[in-house]
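# Structural characterization, general
Single-letter residue listing:
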Amino acid sequence: MRLRFAKMQAQGNDFVILDGRHQPLPELTEARIMRLADRRLGIGCDQVLVLLPDAAADARMRIYNPDGSEAGNCGNGLRCAGWLLLKDSNEDSVRIALPDRTVTVRHGTHGMQVEMGAARIIEASPKHVDVEIGNPHRVCFEAVEDFPADRNIEIVTGRVGPHAYIDIIERGVGRTSACGSGACAVAAAIWHTEGGTEPVTVCMPGGEVRVSGDAEHLLLEGPVAHVFDGDIALA
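Residues numbered from 1 in each chain as written. Predicted model: local features only at pLDDT ≥ 70, side-chain atom pairs only at ≥ 80, totals over all residues. Heavy atoms only, no water.

## Looking at the overall build of the chain
The line we're drawing: Secondary structure follows DSSP: runs of H or I at least 4 residues long count as helices, runs of E at least 2 residues long count as strands, and numbering of each begins at the N terminus. For this measure, only C-alpha atoms enter the radius of gyration; the expected value for a globule follows 2.2 Å times N^0.38, where N is the number of residues. Charged-residue counts in this description rest on Lys and Arg as positive and Asp and Glu as negative, His and the chain ends being excluded. Where a charge lies is defined by one atom per residue type: Lys uses NZ, Arg uses CZ, Asp uses CG and Glu uses CD.
Within the chain, the regular secondary structure consists of three helices and 18 strands. Computed over C-alpha atoms, the radius of gyration of the chain comes to 17 Å, within 12% of the 18 Å expected from 2.2 N^0.38 for 235 residues, which places it in the range of a compact globule. Taken along the three principal axes of its C-alpha coordinates, the chain extends 50 × 40 × 25 Å. Of the charged side chains in the chain, 23 are positive and 33 negative, and the gap between their average positions amounts to 5 Å.

Below, the structure written as C-alpha cells:
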C-alpha cells in the first residue's frame, strides 16, 4: 500500500508524520518504522510521528524512534504536528494526547508554542539532574561519567546569561540536532539547581528554542518548517 506523509523539521530535528485520522494505516511493525526512518532506504527522520483520532483531543500522537522503539514525548514533534493540525483548522489552538498527558499547541510570538505540562525532578547531584517529562532525561553539567542508555542525554556545554548551550544524545536515535523535551528538561534542571524560573534560551546544534513558565507548567517555543509532502510504497 502507499502511505501519504508530511516531512517536517524543527531546529534540524526531523520527522515523518503519518496522519491516521484521514487514511488507513498498516500495522506499524518495527521493520516498517525502521524502513520509514532509514535515510538511505526510506524517507529518513529522527522520529516517525503517527496522528490518530482521539475522543478528548484533536489528535492522539504516537512517537517512534528509528530503531522501532516507542517514545512517550517529543516537544519538537508536538510543535510540528500542531502546525499541521492548525493549518487545516479555524481554531487558535489544538490539543494533542500523549500517553501520560494532553498538551496544547498554538502559534506563538517566535514560532510554534506547546504547553508541555510538568517536569519531575527524579534525582539531582552536582554532576547531573534526572528529569521525567513523559520521557526520561539526564541533564549533565559535567560530562565525566558514563551515560545511561535508558534515557535521553543532554550535556550542558556552556552558559551565557539566559542562554544554555547543549549537545544531545537521544535514546533510540543517537546524536540529534535538537530535542524539544530535552530543552525543557535542561530548563527544569537549571531552575532546580540555580533557583528562579527565568526563561532559558536553549541553544542546540540545529538552532534555538525558548523555554519559559516553571517546572509545573513548561512552555516550549521556536520555529518549525514544513519540508515536503509525499507518499511511499510500504509492503
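Read on for the rest.
## A closer look at the pattern of salt bridges
Selection criterion: In the sections that follow, a salt bridge refers to a side-chain nitrogen of Lys or Arg positioned within 4 Å of a carboxyl oxygen of Asp or Glu. Three labels apply to residues, based on accessible area from a 1.4 Å probe with only protein chains included: buried if under 20% of the type maximum, exposed if over 50%, partly exposed otherwise in between.
Within this structure, the stated rule accounts for 13 salt bridges. The salt bridge partner of D231 is R2, with a shortest N-O separation of 2.5 Å. Here R2 lies in strand β1 (residues 2-10) and D231 lies in strand β18 (residues 225-233), a separation of 229 residues in the sequence. A relative accessible area of 41% means that D231 is categorised as partly exposed. A residue is classified by how much of its surface remains accessible, and R2, at 54% relative accessible area, is exposed. Put simply, K7, D14, R39 and D46 are held in one network by salt bridges that share partners.

## Here we look at the environment of L49
Here is the rule we go by: We call two residues in contact whenever any of their non-hydrogen atoms come within 4.5 Å of each other.
Topologically, L49 is positioned in strand β3 (residues 47-52). For L49, a relative accessible area of 0% corresponds to the buried category. For the pair formed by L49 and A6, sequence separation is 43 residues and the distance between their alpha carbons is 9.8 Å. Setting aside residues no more than four positions away along its own chain, L49 makes contact with F15, V16, I17, L18, M61, R62, I63 and G77.

## Some thoughts on the nonpolar core
For soluble globular proteins, nonpolar side chains are generally found buried alongside one another. Filter applied, for reference: As used in this record, nonpolar core signifies buried Ala, Val, Leu, Ile, Met, Phe, Trp, Tyr and Cys residues forming a set joined through side-chain atoms within 4.5 Å.
Residues M61 and V211 are the most contacted members of the largest nonpolar core, which totals 54 residues. In contact with V211, other than residues within four places in its own chain, are A183, C184, A187, W191, P199, V200, V202, L218, L219 and L220. Counting 16 residues, the second-largest nonpolar core is a separate cluster that includes L3, L18, C45 and L52.

## Remarks on the state of the cysteines
Quick note on the threshold: Two cysteine sulfur atoms form a disulfide, by the criterion used here, when they sit within 2.5 Å.
Counting across every chain of the model gives zero disulfides. Free cysteine: C45, not disulfide-bonded; nearest cysteine sulfur from C74 at 10 Å. Among the cysteines around C80, which has no disulfide bond, C74 carries the closest sulfur, lying 8.0 Å off. C80 sits in the buried class, given a relative accessible area of 0%.

## What about helix α1 (residues 30-37)?
Inclusion rule: Arc, as used here, means the arc of the directions from the helix axis to the C-beta atoms.
Among all positions of α1, only I33, L36 and A37 are buried. One side of α1 holds all its buried residues, which, seen down the axis, span an arc of 95°. Buried residues in α1 make contact with β2 (13-19), β3, β4 (59-64) and β18.

## With respect to the pairing of strand β8 (residues 111-117)
What counts, and what does not: At least two bridges found by DSSP between two strands is the condition for calling them paired.
Inspection of the sheet shows strand β7 (residues 102-108) paired to β8 by five bridges, in the antiparallel sense. Bridging across to β8, T104 finds its partner in E115. Between β7 and β8, which pair antiparallel and follow one another directly, the connecting turn spans two residues. Bridge analysis of β8 against strand β17 (residues 217-222) gives five bridges, and the strand direction is antiparallel. Each bridged residue has a counterpart across the sheet, and for Q113 the counterpart in β17 is E221.

## A closer look at unusual backbone geometry
Apart from glycine, the bulk of residues carry a negative phi angle, and the bulk of peptide bonds sit in the trans form. Of note in this structure, Q11 is not a glycine but carries a positive phi near 55°. You can call Q11 buried: its relative accessible area is 6%.

## Here we look at the side chain of Q11
Defined as follows: Here a polar contact means two N or O atoms within 3.5 Å. Within protein one must be a hydrogen donor candidate and the other an acceptor candidate, and residues neighboring in sequence count only if both atoms are side-chain atoms.
Mapped onto the elements of the fold, Q11 is located in the loop between β1 and β2. Within polar-contact distance, the side chain of Q11 engages the backbone oxygen of P223 at 2.8 Å. Sequence-distant contacts of Q11, that is, excluding residues within four places in its chain, are made with N76, R79, S177, A178, M204, G206, G207, E208, V209, G222 and P223.

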